[in-house]
Amino acid sequence: MTHPPTKIRVAVVYGGRSTEHEVSLQSAASVVANLDPASYDVLPISVDHEGRFHRHDVAELRARRPKALPVGGNSEPLTIAPRPAGPLFASPSALALDVDVVFPVMHGPLCEDGSIQGLFELAGIPYVGSRVLGSAVCMDKDVAKRLVRAEGIAVAPYLSFTLGQWNREQKRLIARIEAELGYPVFVKPATLGSSIGVTRAKDRAELLQSVAHAQVYDEKVLVERAVDAREIEVAVLAAQDPSAPPEVSVPGEIVAAEAFYSFERKYLDATGADLHVPAKLDAATAARAQQLARRAFLALECEGMARIDFLLDRTSGELYFGEANTIPGFTSISMYPKLWEASGLPYNALLDRLIRDALARALRRSALRRER
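Parameters at a glance
- Residues numbered from 1 in each chain as written.
- Predicted model: local features only at pLDDT ≥ 70, side-chain atom pairs only at ≥ 80, totals over all residues.
- Heavy atoms only, no water.
- Buried < 20%, exposed > 50% of the residue type's maximum accessible area, 1.4 Å probe, protein only.
- Helix = DSSP H or I, 4+ residues; strand = E, 2+ residues; numbered from the N terminus.
- Arc of directions from axis to C-beta.
- Contact = heavy atoms within 4.5 Å.
- Polar contact = N/O pair within 3.5 Å; in protein donor to acceptor, adjacent residues only side chain to side chain.
- Pairing = 2+ DSSP bridges.
- Axes fitted to C-alpha atoms, helices over the stretch in contact; angles between N-to-C directions.
- Phe/Tyr/Trp six-rings, centres within 6.5 Å; stacked < 30°, edge-to-face > 60°.

Draft legend 1. Main features of helix 5 (residues 141-150). Buried within helix 5 we find Lys141, Asp142, Ala144, Lys145 and Val148. Viewed end-on, helix 5 has its buried residues packed into an arc of 160°, placing them on one side of the element. Residues of helix 5 that are buried in the fold lie against helix 4 (132-139), strand 8 (158-162), strand 9 (185-189), strand 11 (220-225), helix 9 (283-299) and strand 17 (319-325). Sitting at the head of helix 5, Asp140 places a side-chain oxygen 3.0 Å from the backbone nitrogen of Asp142. Of the residues one or two after helix 5, Gly152 is the one with positive phi, at around 90°.

Draft legend 2. Quick peek at the sheet that holds strand 11. With antiparallel pairing, four strands are arranged side by side in an open sheet as 8-11-9-10. Of all the strands in the sheet, the pair left with one neighbour each is strand 8 and strand 10 (199-201). With direction set aside, neighbouring strand axes in the sheet form an average angle of 25°. Bridge analysis of strand 9 against strand 10 gives three bridges, and the strand direction is antiparallel. Within strand 10, the position partnered with Phe186 by the bridge is Arg200.

Draft legend 3. Region of the structure containing the environment of Val216. Inspection of the secondary structure puts Val216 in the loop between helix 7 (204-214) and strand 11. Between the C-alpha atoms of Val216 and Gly197, which are 19 residues apart in sequence, the distance is 7.9 Å.

Draft legend 4. Structural detail: the packing of aromatic side chains. This model, assessed by the stated rule, comprises five aromatic pairs. Residues Phe103 and Phe330 carry aromatic rings whose centres are separated by 5.9 Å and whose planes lie at 85° to one another, so their mutual orientation is edge-to-face. Within this pair, whereas Phe103 is found in strand 7 (residues 101-105), its partner Phe330 is found in the loop between strand 17 and helix 10 (335-342), the two being separated by 227 residues in sequence. Residue Phe103 is classed as buried on the basis of its relative accessible area, which comes to 0%. A centroid spacing of 5.0 Å and a plane angle of 15° characterise the contact between Phe161 and Trp166, whose relative ring orientation is stacked. We classify Phe161 as buried; its relative accessible area is 1%.

Structure below.
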């Protein structure tokens, strides 16, 4: 008599203490809805704005199929018990919630920057996506640009500075911005995504306002030359053979309705942008974007998955590295799954690949020596 294979127990963790909290709720809804119940026992776990963890009923969520998953509410509160090779989550009644792998669907600081990945490392539990180092360096746009530039990949001209530097050297920094970058410029918090805190400045008065706005979200700010460019994105996925290079999707393009693709236009305005998948590029440019995406993925110590974003200069044809997203959006209309769908890998199969990759990486790392 043959027995059915044991289902993989997956904790889908979402929400978090980040300004990108709401984006995560939509991504997680798609992931939960598309994980095959025949293969996976899914445990939805939300993290509220105060950092508290909550367990939700997957059957109830699947029956309602909400566009965004709930946080808190009537859920069961959880405690975190990072015991190596033991259960990661427990209820107040001390009931251990043992899982095989964690699928973090979280964006922004404390979620995508290596913080929660460090928790999973301490617990000795496999998880989808990049580990602590890759997550941290990709979250910081300045550090990411420095690393890819050292790899020989072009970046658009920019300056970065901390709050302390701005307070001490404001006149010198403004002079450098105006001499080296000119106007207009984009002003960005260094460690946020989804266009949160990003503004466009066309003169000194707007620059001052934009820096003050960005510093509400981060103590480190980037000021980047506004290049007349197309926004090209490539999805990268770890190969099933660990000795093989990462796989890359067809490139896609975001065509914004206005010059700046804001948070509202990304997530709240259905007419805010068109997604061209695949992008309308000549074969040589498409191949170059794919090659640069693969090189950036490796240079930034990414694992599992990442979406690599570029600016394609309309005049020179130069491809500038923009940023790397180690936990890209995962709604059914998000660019990352759409790019893989267009490349022949459906959404459900993509989730399977990511989970298998997490388990395989954890198995390989378990063979490393931890003692002398």
